[in-house]
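Summary of structural features
If you want the building blocks of each chain, they are given just below.
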Protein chains: 2
Amino acid sequence: MMMSTSLYQDPHCVVDFALAKLWVDRRAITLTRKEYELLSTLTANAGEIVPRGVLLRNVWGYGPDIRTRTLDVHIRRLRRKLGDYGEQYIETIFGVGYRFQPWREPKAFTVEPPMLRATA
Amino acid sequence: MMMSTSLYQDPHCVVDFALAKLWVDRRAITLTRKEYELLSTLTANAGEIVPRGVLLRNVWGYGPDIRTRTLDVHIRRLRRKLGDYGEQYIETIFGVGYRFQPWREPKAFTVEPPMLRATA
DNA sequence: GGAAGTTGTGAAAGATTTGTAAAAAGCGGG
DNA sequence: CCCGCTTTTTACAAATCTTTCACAACTTCC
């Protein structure tokens with residue numbers, strides 16, 4: 001039985017919620033369970049801030065009174081697995097939480113410098 | 001369109017659900033009943049993760065509260081019978097279950113080294 | 001600039017899951 | 001019953017994942 005797969009998708013990154021898989025630039029990346037749940041929560045709210053408390057509750061089942069750094073560590077490992085885009089994809093909102101930013105083409109500064117006219 | 005005998009098939013491995021038989025590289029392999037049921041369940045969902053719980057329920061009829069290592073032992077024997085491909089075919093998804101991966105040609109890295117150009 | 005609080009990070013410790021060999025337990029036909 | 005084969009359990013070893021720790025780096029606010 002084939003149902004259309006639910007996934008997050010942009011030019012560089014695909015997350016398949018059904019297969020629990022991640023691809024970055026066509027390359028398959030293995031995620032651990034916690035990494036996957038964390039990324040799922042973030043991409044499910046792509047573009048929106050997800051507060052630390054919400055992540056700790058949804059992914060870890062922690063209450064509001066638990067102090068841990070495990071979220072930070074997992075964020076770090078996710079960023080790593082997202083390769084060069086890690087920093088761009090997962091944004092830190094200081095004092096609040098994190099936000100997964102859908103891919104946006106970088107300004108083309110280095111690619112196509114503004115009018116290098118032959119000349120002088 | 002007619003639906004011929006139901007079987008799983010790839011360049012190295014054929015599983016015939018009707019005959020309850022397995023061939024690896026043209027060689028017939030005898031499977032015990034449990035081995036066969038396990039392999040059937042896995043190949044029937046080739047490419048997809050099958051959670052431990054599902055296997056324990058489908059193949060053994062166990063409920064979610066039963067702790068046993070018999071699944072692991074059977075996986076091991078299946079891998080053995082699949083010969084050199086055992087590890088490649090049956091993938092462990094840590095903390096989740098197993099996945100039967102259809103055959104894929106290995107990357108040809110060693111076969112055709114990237115351009116050794118004569119020169120300098 | 002300095003204090004207080006927050007996040008980043010590598011490494012270590014802890015916890016859980018899976019692999020495996022070998023022994024024990026089941027099972028069906030003689 | 002007894003035998004041969006299959007299946008399950010047992011008991012560790014090994015692999016993998018998760019969390020903590022200690023400290024560096026960074027933010028914010030005064």
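Further up the page is the structure itself.
Everything in this summary refers to the structure shown in the same document.

1. Description of the environment of Pro-51 of chain B
- Structurally, Pro-51 of chain B is set in strand E5 (residues 49-51).
- Taking the C-alpha atoms as reference points, Pro-51 of chain B and Arg-99 of chain B, separated by 48 residues in sequence, lie 8.5 Å from one another.

2. A few points about the pairing of strand E7 (residues 97-100) of chain B
All names here are of chain B.
- Looking at chain direction, E5 and E7 are connected through three bridges and run antiparallel. From the neighbouring strand, Val-50 faces E7, where its bridge partner is Tyr-98.
- Sheet topology note: the strand E6 (residues 90-93)/E7 ladder contains four bridges and is antiparallel. Residue pairing across strands places Glu-91 opposite Arg-99, the latter belonging to E7.

3. Description of the sheet that holds E6 of chain B
Residue and element names in this part refer to chain B.
- Sheet architecture is open: three strands sit in the order E5-E7-E6, paired in antiparallel fashion. With one partner strand each, in any of the chains shown, E5 and E6 form the two edges of the open sheet. With direction set aside, neighbouring strand axes in the sheet form an average angle of 30°.
- In the packing of helix H1 (residues 33-44) onto the sheet, contacts are made with E5, E6 and E7, and the angle to E7 comes to roughly 70°.
- Relative to E6, helix H3 (residues 70-81) is tilted by about 150°, and along the sheet it contacts E6 and E7.

4. Describing H1 of chain B
- The end-to-end C-alpha distance of H1 of chain B is 16 Å, a good match for the 16 Å that 12 residues give at a rise of 1.5 Å each.
- Every buried residue of H1 of chain B is accounted for by Glu-35, Tyr-36, Leu-38, Leu-39, Ser-40, Thr-41, Leu-42 and Thr-43 of chain B.

5. Observations regarding the protein's contact with DNA strand C
- Looking at DNA strand C, there are 23 residues lining it, with Arg-76, Thr-92 and Tyr-98 of chain A together with Arg-76 and Tyr-98 of chain B nearest.
- Sugar and phosphate atoms constitute 64% of the interface atoms of DNA strand C, taking the interface as everything within 4 Å of the protein.
- Between DNA strand C and Arg-69 of chain A there is a distance of 2.8 Å, counted from a base oxygen to a side-chain nitrogen or oxygen.
- Between DNA strand C and Arg-69 of chain B, the relevant distance is 3.0 Å, taken from a base nitrogen to a side-chain nitrogen or oxygen of the residue.
- Of all elements in the fold, only helix H3 (70-81) of chain A together with H3 and E6 of chain B reach the threshold of two or more residues within the surface near DNA strand C.
- In terms of residue class, the surface near DNA strand C is built from seven nonpolar, four polar and 12 charged.

6. So, the sheet that holds strand E6 (residues 90-93) of chain A
All names here are of chain A.
- Across the sheet, which stays open at both edges, the three strands sit in the order E5-E7-E6 with antiparallel pairing between neighbours. One side of each edge strand has no neighbouring strand; the edge strands of this open sheet are strand E5 (49-51) and E6. Across the sheet, the mean angle separating the axes of adjacent strands is 30° when strand polarity is ignored.
- Taken strand by strand, helix H1 (residues 33-44) contacts E5, E6 and strand E7 (97-100), and its axis lies near 70° from that of E7.
- The strands touched by H3 within the sheet are E6 and E7, with E6 carrying the most contacts at an inclination of about 150°.

7. Looking at the protein's contact with DNA strand D
- The environment of DNA strand D is formed by 24 residues, the closest being Thr-32, Trp-60 and Thr-68 of chain A together with Thr-32 and Thr-68 of chain B.
- Taking the atoms of DNA strand D that fall within 4 Å of the protein, sugar and phosphate contribute 64% of them.
- Contact between DNA strand D and Thr-68 of chain A: a phosphate oxygen at 2.4 Å from a side-chain N or O atom of the residue.
- Elements supplying a minimum of two residues to the surface near DNA strand D: H1 and H3 of chain A together with H1 and H3 of chain B.
- Among the residues forming the surface near DNA strand D, the class breakdown is eight nonpolar, eight polar and eight charged.

8. Considerations on the packing of helix H2 (residues 52-60) of chain B against H3 of chain B
Residues and elements named next belong to chain B.
- Look at H2 against H3: their axes get within 11 Å of each other, and the N-to-C directions meet at 85°. Compared by their axis directions, H2 and H3 come out roughly perpendicular. Within the contact between the two elements, H2 uses Arg-52, Leu-55, Leu-56 and Trp-60 and H3 uses Thr-70, Leu-71, Asp-72 and His-74.
- Within the contact of H2 with H3, the residues separate by chemical class into four nonpolar, two polar and two charged.

Quick notes on the rules
Residues numbered from 1 in each chain as written. Chains lettered and ligands numbered in written order. Predicted model: local features only at pLDDT ≥ 70, side-chain atom pairs only at ≥ 80, totals over all residues. Heavy atoms only, no water. Helix = DSSP H or I, 4+ residues; strand = E, 2+ residues; numbered from the N terminus. Pairing = 2+ DSSP bridges. Axes fitted to C-alpha atoms, helices over the stretch in contact; angles between N-to-C directions. Contact = heavy atoms within 4.5 Å. Expected span 1.5 Å × (residues − 1). Buried < 20%, exposed > 50% of the residue type's maximum accessible area, 1.4 Å probe, protein only. Near = heavy atom within 4 Å. Polar contact = N/O pair within 3.5 Å; in protein donor to acceptor, adjacent residues only side chain to side chain. Nonpolar A, V, L, I, M, F, W, Y, C, P; charged D, E, K, R; others polar. Parallel < 35°, antiparallel > 145°, perpendicular 65-115°, else oblique.

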